[in-house]
Amino acid sequence: MAALLLANPSFYGSSLRVKGNSRKPSGCGLVRTVPKCAMDATFGVNLPKFPRMNVWDPYKRLGVTRDASEEEIRGARNFLLQQYAGVESSVESIEAAYEKILMASFRVRKKTKFNLKTRLQKKVDESPSWVKSLLEFVEYPPTEVILRRLFLFAFMGTWSVMNSAEAGPAFQVAISLAACIYFLNDKTKSLARASIIGFGALVIGWICGSVVVPMVPSVLLRPTWTLELLTSLVVYVFLFLACTFPK
C-alpha cells in the first residue's frame with residue numbers, strides 16, 4: 001500500500017473524494033421534475049381542468065344531445081362532477097350548464113301548457129252558442145272533491161251489485177239522491193235549487209238507463225243483474241255529475 005501511494009500520490013485524494021461522495025442526501029431535493037414524496041403529490045401536481053368550460057351551448061358542455069332524457073343529462077352531470085371535483089371553476093361551469101338545461105325545459109313545459117289552454121279557449125270560442133251557454137253552468141272543482149264524490153257513488157254502485165240477489169237498489173238510490181242534494185245545497189246555498197237539480201238528475205238518469213240498458217247484450221250480464229239494478233248504476237253516474245261539476 002505504501003509503495004502504491006509513493007508511485008501515485010493522487011490515489012489517496014481520489015479515494016477520499018469517492019468515499020465522501022458515496023453518501024447521497026436523503027429526502028426531497030429543492031429542484032426536481034417529478035414528485036418524489038407524498039408532499040409533492042399533494043401540493044406540487046395541478047389537477048386537470050374541465051376542457052369545455054367556455055362552451056356556450058349547455059348541452060355540448062355536458063356532452064349530451066338535445067334529445068337526451070333527463071336521466072341521461074343528470075348522469076352526464078354527475079359523471080363530470082366526480083371527474084373534476086377538485087377544481088372549483090370546473091364544478092361551477094358544469095353546474096351552470098345543468099341549471100340552464102333545467103330552466104329551458106321548465107320554460108318549454110310552461111309554454112306548452114299555456115298553448116294548450118289557449119287552444120282549448122279557442123275551441124270554446126268557436127263552438128256553437130248552445131255549447132257556450134252550457135259551459136257557463138259548468139266548473140272544474142278540485143281533484144280531491146272529485147275523487148271523494150266518485151268514491152261515494154262507486155261505493156253505492158258496488159253495494160247495489162253485491163246486494164242484488166237479496167233486494168232492489170231502492171235504498172242505495174235514496175242515499176245517493178240525498179247525498180247529491182246535500183252537496184248541491186252546500187254549493188248553491190239553496191235547498192230548493194239543490195232538490196230540483198238532484199231530482200232532475202235522478203229522472204234523466206233513470207230514463208237514459210231504461211233506454212240504454214236493454215241494448216246491452218245479455219251475454220255480458222249476470223242472471224242476478226236486473227233491469228232495475230243496471231238502471232240504478234246509470235243513475236249513480238248522473239247524480240255524481242250533477243253534484244260535482246255544475247256551478
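Quick note: structure is the one above.
Basis of the calculations
Residues numbered from 1 in each chain as written. Predicted model: local features only at pLDDT ≥ 70, side-chain atom pairs only at ≥ 80, totals over all residues. Heavy atoms only, no water. Axes fitted to C-alpha atoms, helices over the stretch in contact; angles between N-to-C directions. Helix = DSSP H or I, 4+ residues; strand = E, 2+ residues; numbered from the N terminus. Parallel < 35°, antiparallel > 145°, perpendicular 65-115°, else oblique. Left-handed = near helix turned anticlockwise from the far one by under 90°. Contact = heavy atoms within 4.5 Å. Nonpolar A, V, L, I, M, F, W, Y, C, P; charged D, E, K, R; others polar. Phe/Tyr/Trp six-rings, centres within 6.5 Å; stacked < 30°, edge-to-face > 60°. Buried < 20%, exposed > 50% of the residue type's maximum accessible area, 1.4 Å probe, protein only. Salt bridge = Lys/Arg side-chain N within 4 Å of Asp/Glu carboxyl O. Patch = residues over 30% accessible without salt bridge, like charges linked within 9 Å, V, L, I, M, F, W, Y side chains within 5 Å. Areas by Shrake-Rupley, 256 points an atom, 1.4 Å probe, with all protein chains shown as cover. Expected span 1.5 Å × (residues − 1).

## Considerations on the packing of helix α9 (residues 170-188) against helix α10 (residues 191-212)
In step 1: Where α9 contacts α10, the axes come no closer than 8 Å and their chain directions differ by 140 degrees. Put simply, α9 runs oblique to α10. You can see that α9 and α10 cross each other, and the crossing is right-handed. For the pair α9 and α10, the contacting residues are Val173, Leu177, Cys180, Ile181, Leu184, Asn185 and Thr188 in the first and Leu191, Arg193, Ala194, Ser195, Ile197, Gly198, Phe199 and Leu202 in the second.
In step 2: Considering only residue class, the contact of α9 with α10 consists of ten nonpolar, four polar and one charged.

## A closer look at the packing of aromatic side chains
In step 1: All chains considered together, the criterion is met by six aromatic pairs.
In step 2: Geometrically, the ring pair formed by phenylalanine 155 and tryptophan 159 is tilted, given 6.1 Å between the ring centres and 40 degrees between the ring planes. Of the two residues, phenylalanine 155 and tryptophan 159 are both situated in helix α8 (residues 143-162); the distance of four residues between them amounts to about one turn of the helix.
In step 3: Given a relative accessible area of 45%, phenylalanine 155 falls into the partly exposed group.

## Things to note about unusual backbone geometry
In step 1: Located in the positive-phi region is lysine 189, a residue other than glycine, with phi close to 60 degrees.
In step 2: For lysine 189, the location among the structural elements is in the loop between α9 and α10.
In step 3: Residue lysine 189 is classed as exposed on the basis of its relative accessible area, which comes to 66%.

## So, the pattern of salt bridges
In step 1: If you walk through the whole model with that rule in mind, you get three salt bridges.
In step 2: Residue arginine 66 is joined to aspartate 57 by a salt bridge in which the shortest nitrogen-to-oxygen separation is 3.3 Å.
In step 3: Note that aspartate 186 is salt-bridged to lysine 189, the shortest N-O span being 3.9 Å.

## Quick look at a nonpolar patch on the surface
In step 1: On the surface, a nonpolar cluster with roughly 490 Å² of combined accessible area is contributed by Val203, Ile207, Val211, Val212 and Met215.
In step 2: When you line up the elements, valine 203 lands in helix α10.
In step 3: The exposure class assigned to valine 203 is partly exposed, which follows from its relative accessible area of 47%.

## Some points on the environment of glutamate 228
In step 1: Note that glutamate 228 resides in helix α11 (residues 227-244).
In step 2: A sequence separation of 18 residues divides glutamate 228 from serine 210, and the C-alpha atoms of the two residues are 8.3 Å apart.
In step 3: Leaving out residues up to four positions away in the same chain, glutamate 228 has contacts with Pro169 and Trp206.

## A few points about α11
In step 1: A rise of 1.5 Å per residue sets the reference length of α11, with its 18 residues, at 26 Å; its end C-alpha atoms lie 26 Å apart and thus fit the reference within 8%.
In step 2: Residues Leu229, Leu230, Thr231, Ser232, Val235, Tyr236, Leu239, Phe240, Ala242, Cys243 and Thr244 constitute the buried set of α11.
In step 3: On its buried face, α11 is in contact with α8, α9 and α10.

## Topic: the side chain of threonine 244
In step 1: With respect to the helices and strands, threonine 244 occurs in helix α11.
In step 2: Contact partners of threonine 244, with chain neighbours within four places excluded, come to Pro141, Ile146, Arg149 and Lys187.

## Description of the packing of α8 against α11
In step 1: Contact pair α8 / α11: the axes reach a minimum separation of 10 Å and the direction vectors enclose 165 degrees. In this view, α8 runs roughly antiparallel relative to α11, as classed from their interaxial angle. Where α8 crosses over α11, the handedness of that crossing is right-handed. Residue-level inspection shows Ile146, Arg149, Leu150, Phe153, Met156, Gly157, Ser160 and Val161 of α8 in contact with α11, the latter providing Leu229, Leu233, Tyr236, Leu239, Phe240, Cys243 and Thr244.
In step 2: Partitioning the contact of α8 with α11 into residue classes produces eleven nonpolar, three polar and one charged.

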